[in-house]
Amino acid sequence: MPRSDGPASAGPRPSRSPRSVASPKGNAGAGPSSARSGSADTRSPTGEPRPELRLVVSRSGLGVELGAPFELGPLRVVELALRLPGIGFPVDLSGGVTAFRHRRGRLERVAVTLEAEALRRFAARRLAGLFGEAAPRAVLAPIEDGLLVGLAGDHFALAFELMLWPADGDLVLLPMAARSLGLPGAPQAHALRAVAACTKGLGVARGGVVTVPAAAQQLVRALLPLAGMRAADASGVRAGRVELDVGALGWRALGDSERGAADPALAVLGERLVRARELAELAAEAEDDHARGEPDAARGAYLAALERAPRHPELTRRIAELDRAAGGREPAAASLLSDAMPLVHAGVLGGALLAALGDTDAAYTAFAQAGQLEPFGPLAALAWLEASRVAVDRETSLAALDQAVVRAPGLPAPRAARFEARLAAGDLRGAREDASQLEAAASGASLRHAVCMRAARAYVAAGAWAEASAAFEHALRYLPDDAQAVAGLARALDAAGARRRALELLSRAVSLSERGGRADEAMLLDLGRALADVAGDLPAAVARVRAIGPFGPASFEARALEARWRGELGDLAGACVALGRLADAVERAIAVLAGEAEPGPLAALFGPAGRYPLREDACAVIASLLADGAALEERERGDTLAARRLLGLALRLRPRDRRAKRELARLAAPAGRPAEAEHVPSRAPLEPAPGRAPTPAEEEPSEDPAHDEARAAELGDRLRANPADVEVGRALAAVLGRLGRHHELFALAAARVEEGGAEERALWRPVWRDALEALAAEAQAAGREQEAALYRAMLAAGEAER
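In this text, all values refer to a predicted model and were calculated from it rather than measured experimentally.

Draft legend 1. Up close: the overall build of the protein chain. Scanning the protein chain for helices and strands turns up 31 helices and 15 strands. In the protein chain, which comprises 802 residues, the share counted as buried stands at 49%. By sequence separation, contacts in the protein chain at least 24 residues apart represent 54% of the contacts at least 6 residues apart. Roughly 36700 Å² of accessible area belongs to the protein chain as shown, and the carbon and sulfur atoms make up 52% of that amount.

This is how it looks when you write it as structure tokens:
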């Protein structure tokens, strides 16, 4: 501890000056005198700063006070005064403060200030990770008896009022009027969690408020030991009101001897603070239930409080927030909230409820009004963003997005939404400006790279290849060896016509991806195509796609391309093997659909876990690849059974695939007989009078097969000449059934089922089913198990489609 600046005698000697006399008797009427500690060293042996204290002599006795303001965390202690009771005069002051460090003083007064910027930094550190982001941006602004607190991340914003209530020696923090967007759950709970996180170790959260007990006592216990002095007794000290200014907060607490007319208990509390205290008492039980994770109990307690305070707007709002967070209770929430206020005036909560109920016009009004009235910029911007999503037309939506960007220019979500909206509207110039601003606002190479990649992919989806190329090039500025950015640039250049440059970049992208141990399969597929189409190097193309695994999202197209290129090279055996692998991959996908296997690497093609529906776009692509493979089997190898297997798999994946149905019907027709499905498309529905499908009874039977053969040829010619002749179609079906020409009957019925209206399909479907059953039975009797299984699969697919 610093020593005093000189010896002081303990006895009253007339020759001494009043400053050095330790007895107050010779100083009647004089003010307190001080003896500063002698050392200028205000750091501990470890180099840490410590408070500078000094002794004070007054008529009331000996005391200690702070010699200079001291930084204690975010606080700046500007005043501290202790009285050292039990010390009589004369007294030796030569030891300075150090001589009295073991004496327990009594706190007389303490005052602190808190700079707004220091508080903002402190809050950001304490809140890091609380809302899923590293550190939210914090804004604090003084209001009457409290602070407006705003917290924002890239995709959320929370605002609330923090009322500051001095309760005897305690300081009570009351979060009120919480509202948010982008956060799950009730905003009031998030506000309480934020305040509790900032006061962790100092305050206690209970009843929806945070209490800092014995605030002055906690302060001196943290400060005085740093100076090597015993903590003072702060009993009887009362906290005063927090004084608020634009740049700082001020707070003081006074002991018994200092209060008098300045007693904090005599200060008049503001109207807002009184109302906040009343609300806290009403909602205390409900807030405790909510904090324990019991939202239903909290709702019941809120309703009980609402009975005591009918139509209380804040209680009603909190119940509605609970219902909205629970999901599915929007009608109840809207009904309850509308009793207290019009929904269009209920801020972002009212807008969300109206949007959930489908009233988009009113929802737009509510969100727009919230955006205009909300003082916290990021929350206002997100309100305008929500307004843009429920706007009735593109012009109104873009105007709302403009307002969102104006309210919070640095918030990524509104600007990113405006970028997408401008791109969709064809405003490439505006989209480029927003993309540039998003890139500039991002901090760090990795974040800027991510922003550029998102913009580039959006440009690709819009077909803006020049802008996509520029965005991928910008991404490579920050991560030059990113394989995805190199591949994206290659694809954009390829689409723009620079195919040879794209080939070079694809080769580099594959090499970069191989550094991770395994090449990216989508890049291998693109490189294989480029080698075949640009360089004409089919063997190298085959080698690239052959490296793609057997059961991945790219495996289907890889096997189909491999089979095609091997066929062009004359390697028919290799093409057959590739098509077999394609069929194996499809059967694996079908097993996943049937719940017999997990998707594994194929998960990207399926929907949510537990259901695994194959995406329709994936079904269409795979069915087309299977049809290509079937054509290759038939054309190059003449293997119609293998072609039928591939087409059957296509129909199992996509029962309504027209190409697969048409090709299978053609292959099902006997040699030398064209399939009716290829030549007799339906043009008119069957006559509804019979009310059923045609049967052999519709055509007068003949015991002479030759007569039936001639009749079938005649009816076939007539139907080809006039496909709309319903009676001829029915008669032909009857004759084909009697002759056992089930392939042709199937082709005829399949065309009507596929292309006809609902009534026509209902009449012809039984014929289609009977023909398939007959074909399956014939194949089974002949020992053609695979063909029979194919017909049964087509039957199952058709029934599932119904």
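Draft legend 2. Inspection of the packing of aromatic side chains at higher detail. Using the criterion set out here, one finds two aromatic pairs in the structure. Considering the side-chain rings of F131 and F156, the 5.4 Å spacing of their centres and the 45° angle between planes classify their relative orientation as tilted. Remark: F156 occurs in the loop between strand 8 (146-152) and strand 9 (157-167) and F131 occurs in the loop between helix 1 (116-126) and strand 7 (137-143); sequence separation between them is 25 residues. Accessibility assignment for this pair places F131 and F156 in one class, buried. When the ring of F419 is compared with that of Y459, the centres are 5.4 Å apart and the planes differ by 85°; the resulting orientation is edge-to-face. Pair noted here: F419 is in helix 13 (residues 412-424) and Y459 is in helix 15 (residues 445-462), with a separation of 40 residues, a long-range link. Residues F419 and Y459 agree in their burial class; the two are buried. The aromatic ring of W768 is capped on one face by R765, whose charged end is 5.9 Å from the ring centroid.

Draft legend 3. Seen up close, the environment of A205. Looking at the element boundaries, A205 is found in strand 11 (residues 204-206). If we skip the residues at most four places from it in the chain, A205 touches A196 and V210.

Draft legend 4. Local environment of the environment of M176. Mapped onto the elements of the fold, M176 is located in strand 10 (residues 170-181). When its relative accessible area of 9% is taken as the criterion, M176 is described as buried. Considering only alpha carbons, one finds M176 and L162, 14 residues apart in sequence, at a separation of 6.2 Å. In contact with M176, other than residues within four places in its own chain, are F160, E161, M163, Q188, A276, L279 and R318.

Draft legend 5. Summary view of the nonpolar core. Residues L80, L107 and W251 are the most contacted members of the largest nonpolar core, which totals 62 residues. For this core, the leading source of residues is helix 2 (residues 187-198), giving six residues. Ranked by size, the runner-up nonpolar core spans 60 residues in total, among them A578, A589, A627 and L647.

Draft legend 6. Region of the structure containing the confidence of the model for the protein chain. Taken over all residues, the pLDDT of the protein chain has a mean of 82, while the share at 70 or more is 85%. Looking across the protein chain, the model is least confident in helix 26 (residues 676-679), with a mean pLDDT of 40, and most confident in helix 11 (residues 377-389), with 96. Within the model, pLDDT remains below 50 along residues 35-41, and this stretch shows 25 contacts once partners closer than five positions in the same chain are excluded. With pLDDT under 50 throughout, residues 671-699 is counted as low confidence; its partners more than four residues away or in other chains account for 68 contacts.

Draft legend 7. Representation of unusual backbone geometry in the model. In this structure, D145 takes a positive phi of about 65° despite not being glycine. Even without a glycine there, the phi angle at A177 is positive, about 50°. In this structure A177 comes out as partly exposed when scored by relative accessible area, which is 23%.

Draft legend 8. Main features of the packing of helix 17 (residues 483-496) against helix 18 (residues 499-513). Relative to each other, helix 17 and helix 18 sit at 165°, their axes nearing to 8 Å. If you check the angle between helix 17 and helix 18, you find them roughly antiparallel. Crossing angle aside, the handedness with which helix 17 passes helix 18 is left-handed. Residue-level inspection shows A483, V486, A487, L489, A490, L493 and D494 of helix 17 in contact with helix 18, the latter providing R499, R501, A502, L505, L506, R508, A509, L512 and S513. Broken down by class, the residue content of the contact of helix 17 with helix 18 amounts to 11 nonpolar, one polar and four charged.

Parameters at a glance
- Residues numbered from 1 in each chain as written.
- Predicted model: local features only at pLDDT ≥ 70, side-chain atom pairs only at ≥ 80, totals over all residues.
- Heavy atoms only, no water.
- Helix = DSSP H or I, 4+ residues; strand = E, 2+ residues; numbered from the N terminus.
- Buried < 20%, exposed > 50% of the residue type's maximum accessible area, 1.4 Å probe, protein only.
- Contact = heavy atoms within 4.5 Å.
- Areas by Shrake-Rupley, 256 points an atom, 1.4 Å probe, with all protein chains shown as cover.
- Phe/Tyr/Trp six-rings, centres within 6.5 Å; stacked < 30°, edge-to-face > 60°.
- Lys NZ or Arg CZ within 6 Å of the ring centre and 35° of its normal.
- Core = buried A, V, L, I, M, F, W, Y, C linked by side-chain atoms within 4.5 Å.
- pLDDT = per-residue confidence, 0-100.
- Axes fitted to C-alpha atoms, helices over the stretch in contact; angles between N-to-C directions.
- Parallel < 35°, antiparallel > 145°, perpendicular 65-115°, else oblique.
- Left-handed = near helix turned anticlockwise from the far one by under 90°.
- Nonpolar A, V, L, I, M, F, W, Y, C, P; charged D, E, K, R; others polar.

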